[in-house]
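Summary of structural features
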Amino acid sequence: METEKEIELKNEKRSPGGILSAVSFSLIIIIWCVLTYGGLVSDIFVPSPTDVVNAVIRMARDGSLWEHCFMSAKRVMVGWFWSAVIALPLGMLMASSKRFSALIQPLIEFARYLPVVALVPLTILYLGIDETQKYVIIWLGTFFQLILMVADTVSSVDKNMINAARTLGASRLQVYREVIFPASLPGLLDDFRLTIGWAWTYLVVAEMVAASSGLGYIILKSQRFLATDVIFAGLIMIGLIGLVTDLLMRILTKLLVPWYERLGD
């Protein structure tokens, strides 16, 4: 059991981060209120907090908000999931095989600089306009970055640990399973957390064409009618859901690798 002093010390360590986060959000809201309620900016360009809240409430009452949030979250998570499933083994192989790395890394480096928006017409041509095309857009936006991050994380595993396992007679598979994967797991979870955030940034791109639901869809639709209150509502919902996914990944990291602490924690 922890003593009261230990609990107090923990609270003291955690409190500055929480306070600073609250201050930063409060400052943004205060500036927003001053600009809108003070009449310094037209509501055509920046709606007031009241207008945005009313837009959220209006969509929540008719049920459309939850449908849009669900569809967007589904597209992001499915696209990112397949990105992670494919990038994890390939990235680990890149880190451990110089031949495989020499074969695939130039292609990955080339592809990761291609703008995803420019690939939208090709994905429509090849895949049509159904949900698969939207998943692929999210996949394209995260896979090529994630595979390099995985390779870099796995490459940073202490070589002495790997050599010690081989000296003790561990097979190649055992080295991967018992040494490389556990040692790199904290870094891999951080890589996953970051790329989930990137996946959300590609949501509007994925919902640009032939979408009838989703937060990106309502943002693009509202742009035509200058409904900036709905645009802001959609952006805020994307940010909030993104924060929730980030928090869940942090909790998962603490549960799976409780010994791991990032710099500054």
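Heads up: the structure comes first, above all this text.
In what follows, the accompanying structure is described. (Residues numbered from 1 in each chain as written. Predicted model: local features only at pLDDT ≥ 70, side-chain atom pairs only at ≥ 80, totals over all residues. Heavy atoms only, no water.)

1. What to know about the nonpolar core
Of all hydrophobic cores here, the largest spans 58 residues; its most connected members are Met94, Ile108, Ile147, Ile180, Phe192, Trp200 and Leu215. Excluding its chain neighbours within four sequence positions, the residues that come into contact with isoleucine 180 are Met92, Val154, Val157, Ile162 and Val175. (Core = buried A, V, L, I, M, F, W, Y, C linked by side-chain atoms within 4.5 Å. Buried < 20%, exposed > 50% of the residue type's maximum accessible area, 1.4 Å probe, protein only. Contact = heavy atoms within 4.5 Å.)

2. A few points about the packing of aromatic side chains
Each aromatic ring pair is summarised here by two numbers: the centre-to-centre distance and the angle between the ring planes. Going through the model one piece at a time under the given rule, you end up with 6 aromatic pairs. Consider the rings of tryptophan 80 and phenylalanine 192, whose centres lie 5.8 Å apart with planes at 85°: the pair is edge-to-face. Placement of the pair is tryptophan 80 in helix α3 (residues 64–96) and phenylalanine 192 in helix α8 (residues 172–201), with a sequence separation of 112 residues. As far as the burial class goes, tryptophan 80 and phenylalanine 192 line up, both buried. Ring centres of tryptophan 139 and phenylalanine 144 lie 5.8 Å apart, and the angle between their planes is 70°; on these two criteria the pair is classed as edge-to-face. The class for phenylalanine 144 is buried, based on a relative accessible area of 14%. (Phe/Tyr/Trp six-rings, centres within 6.5 Å; stacked < 30°, edge-to-face > 60°. Helix = DSSP H or I, 4+ residues; strand = E, 2+ residues; numbered from the N terminus.)

3. Let's talk about the pattern of salt bridges
For the structure shown, the criterion picks out 8 salt bridges. Close ionic contact of aspartate 229 with arginine 58 constitutes a salt bridge, the shortest N to O distance being 3.7 Å. Separated by 171 residues along the polypeptide, aspartate 229 in helix α11 (residues 228–256) and arginine 58 in helix α2 (residues 49–62) bring together distant segments of the chain. Of the residues examined, aspartate 229 reaches a relative accessible area of 18% and is grouped as buried. For arginine 58, a relative accessible area of 44% gives the class partly exposed. Ionic pairing is found between arginine 177 and glutamate 178, a salt bridge with its closest N-O pair at 3.1 Å. A relative accessible area of 52% places glutamate 178 in the exposed class. Through salt bridges with shared partners, a single network forms among Asp190, Arg193, Asp246 and Arg250. (Salt bridge = Lys/Arg side-chain N within 4 Å of Asp/Glu carboxyl O.)

4. Some points on the packing of α3 against α8
Between α3 and α8, the shortest axis-to-axis distance is 10 Å and the interhelical angle comes to 145°. The hand of the α3/α8 crossing is right-handed. Only Arg172, Tyr176, Ile180, Phe181, Leu188, Phe192, Thr195, Ile196, Ala199 and Trp200 of α8 make contact with α3, whose side of the interface consists of Ser72, Ala73, Val76, Trp80, Ala84, Leu88, Met92, Leu93 and Ser96. Here the residues of the contact of α3 with α8 sort into 15 nonpolar, 3 polar and 1 charged. (Axes fitted to C-alpha atoms, helices over the stretch in contact; angles between N-to-C directions. Left-handed = near helix turned anticlockwise from the far one by under 90°. Nonpolar A, V, L, I, M, F, W, Y, C, P; charged D, E, K, R; others polar.)

5. Some words on the side chain of histidine 68
Of note, histidine 68 is situated in helix α3. Taking the relative accessible area as the measure of exposure, histidine 68 reaches 8% and is therefore buried. Dropping the residues within four chain positions of it, histidine 68 is found in contact with Ser213, Gly214, Leu215, Tyr217 and Ile218.

6. Focus: helix α7 (residues 159–167)
In this structure aspartate 158 caps α7, since a side-chain oxygen of it lies 3.0 Å from the backbone nitrogen of asparagine 160. Glycine 169 sits one or two residues past α7 and shows a positive phi near 95°. (Polar contact = N/O pair within 3.5 Å; in protein donor to acceptor, adjacent residues only side chain to side chain.)

7. Concerning unusual backbone geometry
Non-glycine residue leucine 226 carries a positive phi angle of around 55°. Turning to its location among the elements, leucine 226 is positioned in the loop between α10 (215–224) and α11.

8. Quick notes on helix α5 (residues 116–127)
Along α5, the residues that are buried comprise Val116, Val120 and Thr123. The arc that holds every buried residue of α5, seen down its axis, measures 80°, which confines them to one face. For α5, exposure combined with an orientation more than 90 degrees from the buried face picks out Pro121 and Leu125. Those residues of α5 that are buried lie in contact with α6 (131–155) and α9 (203–206). The positive-phi residue at the C-terminal boundary of α5 is glycine 128, with phi of around 85°. (Arc of directions from axis to C-beta.)

Function cannot be inferred from these measures alone, as they are strictly geometric.
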